[in-house]
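Each chain is listed here by its residues.
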Amino acid sequence: MFIPTPLLRPWVLVAPAAALLTALLSGCAPKPPGCDDPQIVDRFRLGIADDGVKQISNNIEAAGNWRRAGANQLRAQLDAFGKSIKVEMVTITTNGYDADAKLHSCSANLMVATDGSPVQIERMPYSIQGTADGKDFVLSSPQYQLVVAGIMGAFDVYQSKARRAANSGQAPVEEAK
């Protein structure tokens, strides 16, 4: 005896196939760049230098020093100091990768040299996470502001050296080559 089976509705087959395809495609989103990828190192290095100079400029603005006598000399000092900042990341390590979060956990020895004073952090942690659309990534570090604060302190040292040189009749502090 033949027992007829109900006809399968198209959505019964499409729904599982769509769910499987979505799961497969989400796993294919591009992996963010690795810990030692040149674009990561460059973005980190340039970001630290730029953010340090911006924070110094913001502090000068908040104190009203851009509107005082000698502001042009202060701008020249900040420009020369900004050009002197050299950031190096060495001994870069990958501490892990979370495929679900598209997140690299990394660390590196960070050395920031300026005409003021050096800032060095050993084993500075940072992470690289891909964005949901897979087109970009987010770079973050819990110690980033510490490095920026170190650059701000180095500018104070740089200014002190410039004042001492000016008071002694010597040439001003030279920009690092």
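Residues numbered from 1 in each chain as written. Predicted model: local features only at pLDDT ≥ 70, side-chain atom pairs only at ≥ 80, totals over all residues. Heavy atoms only, no water.

K.L.:
Where do I start with the sheet that holds strand β4 (residues 137–140) in this structure?
P.N.:
Strands belonging to one sheet form pairs held by backbone hydrogen bonds; the direction of such a pair is parallel or antiparallel. As summarised here, the arrangement of the four strands in space is β1-β2-β3-β4, forming an open sheet in which the pairing is antiparallel. The outermost strands of the open sheet, each flanked by one partner alone, are β1 (86–98) and β4. Across the sheet, the axes of successive neighbouring strands diverge by a mean angle of 25 degrees, strand direction being ignored. Across ten bridges, β1 lies against strand β2 (residues 103–113) in antiparallel orientation. By the bridge assignment for β2, Asp98 is matched with Leu103. Its contacts with the sheet put helix α2 (residues 38–62) on β1, β2, β3 (119–130) and β4, and the angle it makes with β4 is roughly 50 degrees. (Pairing = 2+ DSSP bridges. Helix = DSSP H or I, 4+ residues; strand = E, 2+ residues; numbered from the N terminus. Axes fitted to C-alpha atoms, helices over the stretch in contact; angles between N-to-C directions. Contact = heavy atoms within 4.5 Å.)

K.L.:
How do you make sense of helix α4 (residues 144–167) when you look at a structure like this?
P.N.:
Since the α-helix advances by 3.6 residues per turn, residues separated by three or four positions end up pointing in the same direction. Taking 1.5 Å per residue, 24 residues should reach 34 Å; α4 reaches 35 Å between its end C-alpha atoms and fits that length. When α4 is considered as a whole, its buried residues turn out to be Tyr144, Val147, Val148, Gly150, Ile151, Ala154, Phe155, Tyr158, Gln159, Ala162 and Ala165. Turning to α4, the residues buried within the fold contact α2, α3 (71–84), β2 and β3. Of the residues flanking the end of α4, it is Gly169, one or two places downstream, whose phi is positive at about 80 degrees. (Expected span 1.5 Å × (residues − 1). Buried < 20%, exposed > 50% of the residue type's maximum accessible area, 1.4 Å probe, protein only.)

K.L.:
Explanation requested: the pattern of salt bridges in the structure shown.
P.N.:
Should the charged atoms of two oppositely charged side chains come close, the side chains can pair. On inspection of all chains with the given rule, the structure shows three salt bridges. Measuring nitrogen to oxygen at the nearest pair gives 2.8 Å for the salt bridge that ties Asp42 to Arg45. Within this pair, Asp42 and its partner Arg45 are both found in helix α2, separated by three residues, close to a single helical turn. Its relative accessible area of 36% is what places Asp42 among the partly exposed residues. Residue class for Arg45 comes out partly exposed when judged on its relative accessible area of 30%. (Salt bridge = Lys/Arg side-chain N within 4 Å of Asp/Glu carboxyl O.)

K.L.:
Looking at this model, I keep getting lost on the nonpolar core. Mind explaining?
P.N.:
Most often, soluble globular proteins have nonpolar side chains that are buried together. The biggest cluster of nonpolar side chains holds 33 residues, and the ones touching the most others in it are Phe44, Ile48, Phe81, Leu110, Val112, Tyr126 and Phe155. For this core, the secondary structure elements donating two or more residues are α2, α3, β1, β2, β3 and α4. For Leu110, the residues in contact, after removing those within four places along its chain, are Phe44, Ile48, Val87, Glu88, Met89, Val119, Gln120, Ile121, Met124 and Val147. (Core = buried A, V, L, I, M, F, W, Y, C linked by side-chain atoms within 4.5 Å.)

K.L.:
Please explain the state of the cysteines as it appears in this structure.
P.N.:
Two cysteines, two sulfur atoms, one covalent bond between them: this is a disulfide. Scanning the model with the defined rule gives one disulfide in all. Covalently, Cys35 is tied to Cys106 through a disulfide, its sulfur atoms 1.9 Å apart. One quick way to see it: the torsion about the S-S bond of Cys35 and Cys106 is about -75 degrees, and its sign makes the bridge left-handed. Of this pair, Cys35 sits in the loop between α1 (10–26) and α2 while Cys106 sits in strand β2; the two residues are 71 residues apart in sequence, bridging distant segments of the chain. Comparing Cys35 with Cys106 shows no difference in burial state: the two are buried. (Disulfide = S-S within 2.5 Å.)

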